[in-house]
Amino acid sequence: MDNTLLEVKNLKTYFFLDEGTARAVDGVDFEIKRGQTLGIVGESGCGKSVTARSVLRIVPKPGRIVEGEITLHRLVAKQDGSKMTDLIRLTEVDPMGSLMRGLRGSEMALVPQEPMASLSPVHTIGDQIGEAIRLHQKVSKAEARAKTIQMLELVGFPRPKQRVDAYPYQLSGGLRQRAVIAMALSCHPSLLIADEPTTALDVTTEAQILKLMRSLQQELGMAIMYITHNLGVVAQMTERVIVMYMGKVVEEANVDTIFHNPLHPYTSALLRSIPRLGMKARERQRLASIRGTVPDPYAIPKGCSFHPRCDKKIRGVCDQQEPTYIEVEPGHKARCVLYKQ
Ligand SMILES: Nc1ncnc2c1ncn2[C@@H]1O[C@H](COP(=O)(O)OP(=O)(O)O)[C@@H](O)[C@H]1O
Ligand SMILES: [Mg+2]
């Protein structure tokens with residue numbers, strides 16, 4: 001049985017601007033298994049959202065996918081009831097065509113950072129979730145409404161029968177995000193793409209939403225691509241992790257390995273920037289953001305793009321040659337000249 005759900009190979013998505021070409025995603029490779037949670041972590045601007053948008057084929061202009069392959073392994077039921085996988089090369093389909101529009105929502109759904117980005121302010125949440133259901137499933141209005149209430153219940157909405165007729169502005173940020181999650185899950189996608197879904201929330205609400213997503217994942221068996229700049233969230237939510245820096249994957253491993261045996265100096269620097277319980281106030285102050293800033297995407301440094309900020313750089317090597325992405329130990333890859341196959 002093929003348990004691969006999504007394969008991304010050498011994905012490059014560039015923005016063509018007057019200032020120059022921003023290589024937002026510059027040769028990204030990863031794979032997601034059915035039911036697995038993959039974390040994508042990295043500082044702001046490293047290409048996480050553009051990667052997600054490339055998979056969904058909703059890259060805004062003047063951006064476009066210039067190279068690479070994205071393949072969805074869709075499970076389809078045969079007439080005798082057994083299942084087969086159908087390979088869909090997402091990079092080759094019309095982003096606005098009916099196939100892609102059908103896949104968005106039914107196979108892959110997005111939960112963005114800001115819930116208002118996917119909710120209309122002038123319709124009730126019930127109408128919006130109901131509409132999403134009717135777009136992908138042949139059900140009557142009444143059935144869609146009943147299913148909407150069920151979904152709101154599933155995501156822990158208090159009094160869903162009454163709240164179904166609320167407008168987004170009448171809800172708290174946490175409830176709005178629950179409504180967006182209910183909408184995303186309403187057609188049982190095999191892949192949920194969560195792009196910093198809790199960044200706009202306070203910590204208590206964040207903890208509730210994370211718990212909710214974990215339990216829903218177990219219950220529904222879907223895969224999650226979980227994007228965050230927060231390694232603490234990665235530890236709670238994911239099984240496998242890819243670390244991105246300036247449009248490239250610099251490390252990939254299981255979550256425990258990332259925390260206990262990070263290979264790339266960038267991953268180590270990110271780990272040093274997580275506050276830990278019991279840290280003294282002074283330590284916390286020193287808890288550094290990584291030295292230097294992310295360079296301009298129009299002017300990616302020569303050699304390893306992290307070298308200007310790296311405390312392990314080797315002069316004459318790291319500023320000259322771009323490291324290749326290698327499997328250092330089984331299941332653990334890194335892009336750094338310090339490591340050999
Ligand atoms: N709409 C856009 N127009 C121009 N450039 C963009 C746009 N969206 C993203 N980019 C470029 O792509 C880079 C990566 O963006 P993004 O994927 O949103 O980062 P993040 O990792 O914070 O999600 C940005 O630094 C920017 O240079
Ligand atoms: Mg982003």
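For the structure, see preceding data.
Residues numbered from 1 in each chain as written. Chains lettered and ligands numbered in written order. Predicted model: local features only at pLDDT ≥ 70, side-chain atom pairs only at ≥ 80, totals over all residues.

## Brief notes about the overall build of the protein
As a reminder of what qualifies: The secondary structure listing takes helices from DSSP runs of H or I that are at least 4 residues long and strands from runs of E that are at least 2 residues long, numbered from the N terminus. In this treatment the radius of gyration is a C-alpha quantity, and the globule benchmark scales as 2.2 Å times the residue count to the 0.38 power. Counting other C-beta atoms within 10 Å of a residue's C-beta gives its exposure: the residue is buried at 20 or more, exposed at 12 or fewer, and partly exposed in between, where C-beta atoms are placed from the backbone. In this description, any two residues whose backbone-derived C-beta atoms lie within 7 Å of each other are considered to be in contact.
Assigned secondary structure in the protein consists of 11 helices and 12 strands. Against the 2.2 N^0.38 benchmark of 20 Å for 341 residues, the protein shows a C-alpha radius of gyration of 21 Å, consistent with a compact globule. Counting only C-alpha atoms, the protein reaches 70 × 50 × 45 Å along its principal axes. Residue burial in the protein is summarised as follows: out of 341 residues, 40% are buried. Taking as baseline every contact in the protein between residues at least 6 positions apart, the subset at least 24 positions apart corresponds to 62%.

## Looking at the site of ligand 1
Convention followed: We count a residue as near a molecule or strand when its backbone-placed C-beta atom lies within 6 Å of that partner. Only Asp, Glu, Lys and Arg are considered charged in this grouping, and only Ala, Val, Leu, Ile, Met, Phe, Trp, Tyr, Cys and Pro are considered nonpolar; every other residue, Gly among them, is considered polar.
Taken together, 15 residues surround ligand 1, and among them Ala24, Gly45, Lys48, Ser49 and Val50 come closest. Listing elements by their share of the shell around ligand 1, those giving two or more residues are β1 (4-17), β2 (20-33) and α1 (48-56). By residue number, the principal contributor to the shell around ligand 1 is α1, which donates three residues. Its residues assigned to classes, the shell around ligand 1 shows eight nonpolar, six polar and one charged.

## Looking at the nonpolar core
Worth spelling out the cut-off: To form a nonpolar core, buried Ala, Val, Leu, Ile, Met, Phe, Trp, Tyr and Cys residues must be joined through C-beta atoms within 7 Å. As annotated, the domain borders come from an automatic or database domain assignment.
Of all hydrophobic cores here, the largest spans 86 residues; its most connected members are Ala182, Ala184, Leu191, Leu192, Ile193, Met225 and Val243. The biggest single contributor to this core is helix α6 (residues 173-185), with eight residues. Composition of this core by domain shows at least three residues from each of domain 1 (4-107 + 194-206 + 219-329) and domain 2 (118-188).

## Remarks on the sheet that holds strand β9 (residues 240-245)
Test applied: Strands are labelled as partners when DSSP assigns at least two bridges between them. To get an axis, a line is fitted to the C-alpha atoms, and for a helix only the part in contact is used. The angle between two axes follows their N-to-C directions and goes from 0 to 180 degrees.
Strand order in the open sheet made by the eight strands is β6-β7-β8-β3-β9-β10-β12-β11, with mixed pairing throughout. The sheet terminates laterally at β6 (108-111) and β11 (326-329), the two strands that pair on one side only. Direction aside, the axes of adjacent strands within the sheet are offset by 20 degrees on average. Taken together, the five bridges between strand β3 (residues 37-41) and strand β8 (residues 223-228) define a ladder with parallel strand orientation.

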